[in-house]
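Observations on the model geometry
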Amino acid sequence: MREERGNEFTVTLWFKMSKRKNSHLLEVPRKRAKSSQAEPTEDEDERICSDQGSSALWTQYSASGEVGIIEKIFLKNFMCHSLLGPFTFGSNVNFIVGNNGSGKSAILTALIVGLGGKAQTTNRGSSLKGFVKEGESSAEISITLRNRGQDAYKPDVFGQSITIDLRISSEGLRTYKLKSKTGLLVSSKKEELVTILDHFNIQVDNPVSVLTQEMSKHFLHSKGEGDKYKFFMKATQLEQMKEDYSYIMKTKTVTQNTLEKHEATLQEIRHKYKEKEDRYKNLASLDEMQEKLNHLKHQMAWALVAEMEEEVKHMRERIAEEEKSTIKYDRKVEEWKGKVAEAERRYKQFHDQLECVTERVQKLQPECGQLRNKVQDCNKAFRTAEACFHKQKTNVRDLERDKEQLLKRINELKYSITQLNAVDTQTRMKQLNQIQAELDALTLQESTLAQQVGQFQQACASAKDKLSKMRREEHDLQRAIDKKQHELAAMEGSRQGGLRRFGEQMPAFIAAIEEADRQGQFRRKPVGPLGFCIRLRDADLGLAVESCLKSLMLAFCCDNYMDEKVLQALMIQSFPHGQRPQIIVSEFTDTSYNISHRAINHPEYPSVLQALDIDNPVVTNCLIDMRGIETVLLIKNNRDARRVMQGGHPPRNCKEAFTREGDQVYSNRYYSSAQQRARYLSHDVEQEIRHLQVSLRTQEAHFKAFKQQIRDVITNNNQNEALLKRALDDHRRVKDQCRKLQLEVNDLCIVEEPQSEDLKPLEDELEELSSRLAVCQEEYDTEQQQMLTLKRTYEEVELLYRQHKETINNVAEEAEPIKEELSKSDQDVEKSKHHKKHYEEKRKAHINNIQAQKMILENKEQELKASVVKASEICPERLDIRRTAKSLDNEINHLKHKISTQQDQHGDRDTIIRQYQEALENYNSVAQHIKGLKHFIHLLSKITNTRHNVYTEMRRYLSVRCKYYFDSMLSQRGYTGSMVFNHKKEALSISVQPGEGDKATLSDMRSLSGGERSFSTVCFVLSLWAIAEAPFRCLDEFDVYMDMVNRRISMDMMLKIAASQRYRQFIFLTPQSMSSLPVNNLTRILRLNDPDRRQSILSFGQRNSELPE
């Protein structure tokens, strides 16, 4: 209701404001023409205006302005002026003349700003700080307004004048001081200034009150009819009145909406009133319900006793049954004790057998070591004898060659001695030259063959190396093809089950684990393979996750080391050596680790942990322990990965990152992945199968081409070896020929006349060489015999060592099945112990349960006794109850709730009656108030419509008066004109034609010359002056575009209006000298001198000042 009253007060206040403003507008014609008592129609207006004549416009008034006119203005550090003024204005006409830059516009700008106008209104700047003179900290403006007569504002406080001092800081802040005539500070609030201006009806933003140079130019050059209409509406304050009416209609709509909400609230108030009325009418006694409640409580007491007796009976029967079942647990414990003993016996039997085999192996080991040492010694001795044998063989061959050469020399010497006539020297030289030429040719051929041999040897060696590498690569390719075939078979098998992806043996291995778990071989069933237990949230990151986890994709997790042994035994049966998955032993937990303090939390990229969906916390914890997946980022793009990891500041807690291609990125290094596609985490099985088939076909084609390359290399190598053999034979043959020719050359060069005495030393040397050869031959035979003997000994010892080692291996092989049986026996022992411990714990828990139930039974019996005593206190006579305690309790609670609700609802009788009366009064009051508010809104709508009609009539009346005054102003120059208002389209069309009477044709103002347009504009402004109310008028350079004739006529018109309106003040700013103005006591001219840059105070002249009043 307070909100409704507030809305009502708001609407009323706005109507009062509008009424006050309308009264001002309605008072305008009353002040100017006392004969205007009512608002005539448009036809009547035309008649009235035509009857009055132009003489009525210039009726003289002797009264002067009493309130609101400007008496004095003073400027300091304002715009580009240090000091300007003080200026004392007359009460009627004031001219401020001076050249450009003398300060005319500064005075007008200071008047607007000093009286609260905005900086944009002046068209001289966008902010107040722009008005402070450059280099100064502040600017000051002082304006004195007249405050006399019966309309004075607080005359007892301010006196006959009000001084407004404004200080503008260089930051754009302004401070007001409102002083009385005596200079006493009255207020420093802008609100007080706004009240004063409203009281004096001063509107500095109204172009009729203050028409600046820029506004005049804009209006003069404006071609839009809408701009003229807005100018008219703003000058007559009709625009403000229109906005007030719009705001009142919006407020009325808000009030109607609020009324609708309050009508809905009235329904709630009526509902509450009906509830109070029902309580008032339905007051009844609660004794009957209270009596029924007491009876139910008696029944409840003995019902609890009966239920407790029944519960005690059942507990006794259950304890008896539990004591009977104890025998079953005793039998199970004894049974498994026997199985444990049997398993331990078998374990000891296999253990003893294994010990026996181990002792046999240990006994054979020393002898094997001795034989190995003997083999090494014999081998060493054999190698030494073999070296001596080859050395002696070389010595014998050298001696035989020397002997052969010596014999040849002796024979040649003998032959030369037998020759009586030596060969002529010239013949020998010719033969020598011929042999030398042959030797040179053979030497060149031998060099060429040596180069060929080197080339062929190098080619054969390169071919052998290349062939060796290609053999290894062939083997690798064959293994890759076999691996790819296994992967394809596994992938095709994974169509029915995803486990085949992890290897052909994996489904059977998982089945073996399931079977072993059913048999109780595991304490906790192992989990794995880990890659089968995880799911990707983003399929694009499959290769990245596999590159991160690697072998962990196939790993299994065990809870304890006993389970690890069992799992290891199953792996031995399912997987070949070297292909067994990794086993991780870690205690199983039901919750994942809390890694919030050490995990990555990147806003753009997930960690491996965040990229996976893992249901089993054991898998999560295992991957955190083994790989730290909470500290590894997954970044799809390589460039982004390098930027994040190697940009200088890697993310917190981040150790490494993986890209979509599987590349591994550290803060200081980068590793590319060799894996091309995800093998285990790919979602599209068929696509993976197609990819594997294509890859397999590609590898097989490559393998086939590679085998052909091997065959080509072998063929080329065979050809090179054949060529090498041929070149070696040719080289050896040429070399022998060269040696023979060289010997012939040497023989020919040293031929002398032989002497018989030269033969004796050679024969002696031959005899000595023969004796040495015999000795070496004997030593050669000895070494050969010794080498053969040592070789036979070495072969015999080595054969014995191999036989002994084979015996040890055979004995060791006997231990393998024993080890397997021992492992099985050990598992059986552990299994039996586990079952025995299980049943012992169950028996112990069973016995403890029986003891606990007996304790509970004893407590229940005590509670039963206490319940019987308590029930006897409530109801001494035991009742036969057929209902359950729960149903009785529900009924008691329901009855208590009903009693409590009625007590809460009813309460005290006087209170109920008082609340009913208050609710009735509240309902009636609200209903009456809403009814009154509806009536008020209806009345408000009616009044608003009436006042809006008056506003429309007033707008029409002011439009007609403006037309009349405009025609009268134009007629002063002999112009004719037309002014057409279109209020619906908000347009004002003005047409003016210089000329006389009917001879003139009307045309738009745009076709006029500059002076004619300025004169027409002045006529329009003067027309608005005639219908608008303001204590003073200011015009800045109104005659700037006029010729001398229009300027004189306009000036005469304005002076006549000023003379007829002595109660108003007129201030005209013009660059003209105004020396032709008539001299009288109503006109004051303030002449500003051109500014002197050397002085800070501008002097001004005053002509024909107004006499003191």
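Residues numbered from 1 in each chain as written. Predicted model: local features only at pLDDT ≥ 70, side-chain atom pairs only at ≥ 80, totals over all residues. Heavy atoms only, no water.

On to the overall build of the protein chain, then. When helices and strands are tallied, the protein chain shows 24 helices and 23 strands. For the protein chain, the proportion of its 1109 residues judged to be buried stands at 40%. Taken as a whole, the protein chain presents about 63,400 Å² of accessible surface, with 49% of it coming from carbon and sulfur. (Helix = DSSP H or I, 4+ residues; strand = E, 2+ residues; numbered from the N terminus. Buried < 20%, exposed > 50% of the residue type's maximum accessible area, 1.4 Å probe, protein only. Areas by Shrake-Rupley, 256 points an atom, 1.4 Å probe, with all protein chains shown as cover.)

It is worth spelling out the side chain of asparagine 560 at this point. Note on placement: asparagine 560 falls in the loop between strand E10 (556–558) and helix H15 (561–574). Since its relative accessible area comes to 11%, asparagine 560 is described here as buried. A distance of 3.1 Å separates the side chain of asparagine 560 from the backbone nitrogen of methionine 562, its partner in a polar contact. Separated by 2.8 Å, the side chain of asparagine 560 and the backbone nitrogen of aspartate 563 make a polar contact. Residues contacting asparagine 560, with those up to four places away along its chain left out, are Arg523 and Val585. (Polar contact = N/O pair within 3.5 Å; in protein donor to acceptor, adjacent residues only side chain to side chain. Contact = heavy atoms within 4.5 Å.)

What follows is about the packing of helix H13 (residues 506–518) against H15. Put simply, H13 and H15 touch, their axes get as near as 10 Å, and they point 145° apart. As H13 packs across H15, the resulting crossing turns out to be right-handed. Between H13 and H15, the residues in contact are Phe509, Ala512, Ile513 and Ala516 and Leu567, Leu570, Met571 and Ser574, respectively. (Axes fitted to C-alpha atoms, helices over the stretch in contact; angles between N-to-C directions. Left-handed = near helix turned anticlockwise from the far one by under 90°.)

Here we come to unusual backbone geometry. Here glycine 85 and proline 86 are connected by a cis peptide whose omega angle stands at 5°. Cis rather than trans, the peptide bond between glycine 528 and proline 529 has omega equal to -10°. Looking at where proline 529 falls in the secondary structure, it is placed in the loop between H13 and strand E9 (534–536). Backbone geometry at lysine 154 places phi at a positive 45°, although glycine is not the residue there. On the secondary structure map, lysine 154 appears in the loop between strand E4 (138–147) and helix H5 (155–158). Residue class for lysine 154 comes out partly exposed when judged on its relative accessible area of 37%.

Attention now goes to the sheet that holds strand E13 (residues 632–634). Overall, mixed pairing links the four strands, which are arranged E13-E14-E15-E16 in an open sheet. One side of each edge strand has no neighbouring strand; the edge strands of this open sheet are E13 and strand E16 (670–671). Bridging between strand E15 (residues 664–665) and E16 involves two bridges; their strand directions are antiparallel. Note on E16: the bridge partner recorded for valine 665 is tyrosine 670. (Pairing = 2+ DSSP bridges.)

This part is about the nonpolar core. By size, the foremost hydrophobic cluster in this structure holds 53 residues, and its most contacted members are Phe95, Phe232, Phe1020 and Leu1024. Sort the elements by how many residues they give to this core and helix H23 (residues 1010–1027) lands first, with 10 residues. If we skip the residues at most four places from it in the chain, leucine 1024 touches Val208, Phe231, Phe232, Ala235 and Cys962. Of all hydrophobic cores here, the second largest spans 49 residues; its members include Phe556, Val608, Val619 and Ile624. (Core = buried A, V, L, I, M, F, W, Y, C linked by side-chain atoms within 4.5 Å.)

With that out of the way, let us pick up the packing of aromatic side chains. Tallied over the entire structure, the rule returns 12 aromatic pairs. When the ring of phenylalanine 1066 is compared with that of phenylalanine 1068, the centres are 6.3 Å apart and the planes differ by 10°; the resulting orientation is stacked. Residue classification places phenylalanine 1066 among the buried residues on the basis of a relative accessible area of 0%. Judged by its relative accessible area of 1%, phenylalanine 1068 is buried. Grouped by ring-pair contacts, the aromatic residues Phe95, Trp1025, Phe1066 and Phe1068 constitute a single cluster. (Phe/Tyr/Trp six-rings, centres within 6.5 Å; stacked < 30°, edge-to-face > 60°.)

Our focus in this paragraph is the confidence of the model for the protein chain. Residues with a pLDDT of 70 or more make up 83% of the protein chain, whose mean pLDDT is 77. Here residues 1–63 is a poorly scored stretch, pLDDT under 50, and it has 105 contacts once near neighbours within four places are set aside; other chains count. For residues 1095–1109, every residue scores under 50 in pLDDT, and the model assigns this stretch 44 contacts once sequence neighbours within four places are set aside. (pLDDT = per-residue confidence, 0-100.)

For the rest of this paragraph, the subject is the sheet that holds strand E6 (residues 174–179). In space, the six strands of this open sheet follow the order E2-E1-E4-E5-E6-E7, with antiparallel pairing throughout. Whereas interior strands pair on both sides, the edge strands pair on one side only; in this sheet they are strand E2 (81–88) and strand E7 (185–187). Each strand axis lies, on average, 25° off the axis of its neighbour in the sheet, ignoring direction. Relative to E2, strand E1 (residues 67–78) runs antiparallel, the two being bridged by five bridges. When the sheet's bridge partners are listed, lysine 72 is paired in E2 with threonine 88. Along the sheet, helix H3 (residues 104–114) contacts E1, E2, E4, strand E5 (161–169) and E6; its crossing angle with E1, the most-contacted strand, is approximately 110°. Packing of helix H6 (residues 190–200) onto the sheet brings it into contact with E1, E4, E5, E6 and E7, and relative to E6 it is tilted by some 60°.

Moving on: the pairing of E4. E4 sits mainly inside the fold: nine of its 10 residues count as buried. The sheet contact formed by E1 and E4 spans seven bridges and is antiparallel. Residue pairing across strands places lysine 76 opposite glutamate 140, the latter belonging to E4. Pairing analysis gives nine bridges linking E4 to E5, with the strands arranged antiparallel.

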